[in-house]
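Breakdown of the fold
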Amino acid sequence: MLLSIEHVRKSYPGGRPVLNDVSLTLEQGQTLALTGESGSGKSTLLHLVAALDGFDSGEITLDGGPMSPLDDAARAALRRNTLSLVFQQFNLIPSLTVAQNLSIHARLAGRDNPEWITHLTERLGLIDLQDRYPENLSGGQQQRVAIGRAMAIRPRLLLADEPTGNLDETASAVVLDLMLSLVADTDAALLLVTHSTEIASRLDRRAHLTGGCIE
Ligand SMILES: Nc1ncnc2c1ncn2[C@@H]1O[C@H](COP(=O)(O)OP(=O)(O)OP(=O)(O)O)[C@@H](O)[C@H]1O
């Protein structure tokens, strides 16, 4: 089991719990779509799995290790080595070229692998765009760079929060196809937040968040 979420409860200061009692598991190589109404806590859950925020009770176990005892340094190490994130906003660094954006996280993590980066650049159709800056790319092209940056460390788990939310139908289809094929090729697991039942139907499994629990 790659990821195990057990009875997790999460509230923000001064508020009622957003997540009441969430349990979910994900195997290596599996893809899972997380759906739910706006405000149901999908992004919150993704942030917890990414070790970007703490939870009130329960446990999240990633790659055999429970998260709750981890300090900030150990959480940062998880994000460098084990998991990657793709967001609706592409979050590229404007002052870096496509090639530099693609390799920056892997380089900072000491996991730079030039052959793999070259392969990703080809697979994502970015060869002719390598020297461009993000402002000169379409949304779909920017998201392809963001996927490359996320996959550059060869994560065991890819977390994606509405990755096609800012794209038109054609660009969405390209981005989803690329993400699914790269995840399959590397035997990574994918946890993807989406409002789209069509996108959700393309993944191995679906989980629906409602009332702070998985239905
Ligand atoms: N940092 C925060 N502090 C306080 N409340 C927050 C914070 N982040 C989210 N919330 C609240 O938690 C609830 C769940 O938010 P979350 O963003 O996880 O939902 P979501 O299902 O991803 O929504 P959407 O589909 O609209 O993106 C909302 O009521 C939101 O206002």
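This one's a predicted model, so the numbers in the text were calculated from it and none came from an experiment.

1. What to know about the overall build of the protein
- If you tally the helices and strands in the protein, you get seven helices and 10 strands.
- In summary, the protein has a C-alpha radius of gyration of 17 Å against a globular reference of 17 Å for 215 residues, a match within 12%.
- Summarising its shape, the C-alpha atoms of the protein cover approximately 50 × 35 × 30 Å along the three principal directions.
- Sorting the 215 residues of the protein into buried and exposed places 38% on the buried side.
- Relative to all contacts within the protein whose residues are 6 or more apart in sequence, the contacts with residues 24 or more apart total 74%.

2. Considerations on the nonpolar core
- In terms of nonpolar packing, the biggest core is built from 55 residues, with Ile147, Leu157, Leu158, Leu159 and Leu191 touching the most fellow members.
- Among the elements that take part in this core, helix α6 (residues 169–186) stands out by supplying six residues, more than any other.
- If near-sequence neighbours (up to four positions away) are discounted, Ile147 is found in contact with Val86, Leu124, Val175, Leu178, Met179 and Leu182.

3. Here we look at the UniProt feature "domain: ABC transporter" (unreviewed entry) in the protein
- Under the feature "domain: ABC transporter" (unreviewed entry), the UniProt entry names residues 3–215.
- Across residues 3–215 one finds 35% helix and 26% strand; the C-alpha atoms that close the span lie 18 Å apart.

4. Description of the sheet that holds strand β5 (residues 65–66)
- Pairing within the open sheet is antiparallel, and its four strands lie in the order β2-β1-β4-β5. The open sheet terminates on both sides in strands that have one partner only, identified here as β2 (17–26) and β5.
- Examined bridge by bridge, strand β4 (residues 57–62) and β5 share two bridges and lie antiparallel to one another. Directly across from Thr61, in β5, lies its bridge partner Pro66.

5. Side note on the environment of Gln30
- With respect to the element layout, Gln30 can be found in the loop between β2 and β3 (31–36).
- A residue is classified by how many C-beta atoms lie within 10 Å of it, and Gln30, with 18 of them, is partly exposed.
- Considered as a pair, Gln30 and Arg205 are 175 residues apart in the sequence and their alpha carbons are 7.9 Å apart.
- The residues contacting Gln30, other than those within four sequence positions of it, are Ala189, Asp204 and Arg205.

6. Here we look at the environment of Asp56
- Along the chain, Asp56 turns up in the loop between α1 (42–49) and β4.
- The exposed category is assigned to Asp56, around which 10 C-beta atoms lie within 10 Å.
- Between the C-alpha atom of Asp56 and that of Arg9, which follows or precedes it by 47 residues, the distance is 5.5 Å.
- Here Asp56 is in contact with Arg9, Lys10 and Ser11, once residues within four sequence places are set aside.

What counts as what
Residues numbered from 1 in each chain as written. Predicted model: local features only at pLDDT ≥ 70, side-chain atom pairs only at ≥ 80, totals over all residues. Helix = DSSP H or I, 4+ residues; strand = E, 2+ residues; numbered from the N terminus. Rg over C-alpha atoms; globule rule 2.2 N^0.38 Å. Buried ≥ 20, exposed ≤ 12 C-beta atoms within 10 Å, placed from the backbone. Contact = placed C-beta atoms within 7 Å. Core = buried A, V, L, I, M, F, W, Y, C linked by C-beta atoms within 7 Å. UniProt positions renumbered as here; feature names shortened; annotations may be inferred. Pairing = 2+ DSSP bridges.

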